[in-house]
Amino acid sequence: MARYHFTCDAEPEYLPQHSSPADDIYRFAYTITIHNVGDVAAQLIARHWEIEDAEGRTQVVDGLGVVGQQPLLHPGEAFRYTSSAELRTPMGIMSGHYFCVAVDGTRFEAAIAPFVLKAS
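Model, not experiment: these values are computed from the prediction.

What counts, and at which threshold
- Residues numbered from 1 in each chain as written.
- Predicted model: local features only at pLDDT ≥ 70, side-chain atom pairs only at ≥ 80, totals over all residues.
- Heavy atoms only, no water.
- Patch = residues over 30% accessible without salt bridge, like charges linked within 9 Å, V, L, I, M, F, W, Y side chains within 5 Å.
- Areas by Shrake-Rupley, 256 points an atom, 1.4 Å probe, with all protein chains shown as cover.
- Salt bridge = Lys/Arg side-chain N within 4 Å of Asp/Glu carboxyl O.
- Helix = DSSP H or I, 4+ residues; strand = E, 2+ residues; numbered from the N terminus.
- Buried < 20%, exposed > 50% of the residue type's maximum accessible area, 1.4 Å probe, protein only.
- Pairing = 2+ DSSP bridges.
- Core = buried A, V, L, I, M, F, W, Y, C linked by side-chain atoms within 4.5 Å.
- Contact = heavy atoms within 4.5 Å.

Asks: Can you walk me through a nonpolar patch on the surface in this structure?
Replies: Taken together, the side chains of M91, I93 and V116 present a nonpolar region at the surface, about 240 Å² in accessible area. Mapped onto the secondary structure, V116 falls in strand β8 (residues 107–118). Assessed through its relative accessible area of 41%, V116 is described here as partly exposed.

Set out below in structure tokens:
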């Protein structure tokens with residue numbers, strides 16, 4: 001039986017040069033590495049993010065692909081990209097998932113475990 005599985009690793013980074021704490025603007029970069037650890041090639045089609053700040057405000061971000069791409073990953077391949085998020089507090093949490101479609105038409109989601117955004 002075919003196995004459909006992507007893993008996702010996140011590396012957040014605070015961007016003080018693009019932030020303005022006096023104006024409650026905290027910008028973060030995050031680098032995501034997506035690995036196809038399954039045994040079927042699959043394409044990342046869309047993303048869903050939930051970004052929550054320290055006061056409980058949540059932004060939901062849905063869209064096609066990531067950074068303008070919809071990568072097709074064969075078993076053992078990885079795709080890495082960097083994007084950014086902005087909060088109104090110096091700390092928050094991001095989590096979400098990618099919607100993927102395998103070359104045989106099977107649809108699945110790849111979870112992105114919660115990770116902390118923290119100004120330091």
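Asks: I tried to follow the pairing of strand β3 (residues 42–53) on my own but got confused; where do I start?
Replies: The two faces of a sheet get side chains in turn, since along a regular strand they alternate between them. Of the pairings in the sheet, the one linking β3 to strand β5 (residues 72–73) comprises two bridges and is antiparallel in character. Across the sheet, Q43 pairs through a bridge with L72, a residue of β5. Taken together, the 11 bridges between β3 and strand β7 (residues 91–102) define a ladder with antiparallel strand orientation. When the bridges of β7 are listed, H48 appears paired with H97. As judged from the seven bridges shared by β3 and strand β4 (residues 58–64), these two strands associate in the antiparallel manner. Looking at β4, one finds that R47 is bridged to G63. The hairpin formed by β3 and β4 contains four residues between the paired strands, and G56 there has a positive phi angle of roughly 85°.

Asks: Even after reading the chapter, I still don't get the nonpolar core, so can you show me in this structure?
Replies: Across soluble globular proteins, nonpolar side chains have a tendency to be buried as a group. Residues I34, W49, Y81 and Y98 are the most contacted members of the largest nonpolar core, which totals 28 residues. Sorting the residues of this core by element identifies β1 (6–14), β2 (26–36), β3, β6 (78–87), β7 and β8 as the ones contributing at least two each. Non-local contacts of Y81, meaning those with residues more than four positions away in its chain, are made with Y30, T31, I32, I34, W49, V66, V67 and Y98.

Asks: For this particular structure, what's the right way to read the pattern of salt bridges?
Replies: According to the stated counting rule, one finds four salt bridges in the structure shown. Taking the shortest distance from any N to any O, the salt bridge between R80 and E11 comes out at 3.2 Å. Taken together, the residues R80 in strand β6 and E11 in strand β1 connect sequence positions 69 residues apart. The class of R80 is partly exposed, set by a relative accessible area of 49%. One salt bridge in this structure joins R27 and E86, with 2.5 Å as the shortest N-O distance. In this pair, R27 sits in strand β2 while E86 sits in strand β6, placing the two residues 59 residues apart along the sequence. Taking the relative accessible area as the measure of exposure, R27 reaches 26% and is therefore partly exposed. Its relative accessible area of 34% is what places E86 among the partly exposed residues. Via salt bridges that share partners, D53, E55 and R57 belong to a single interconnected network.

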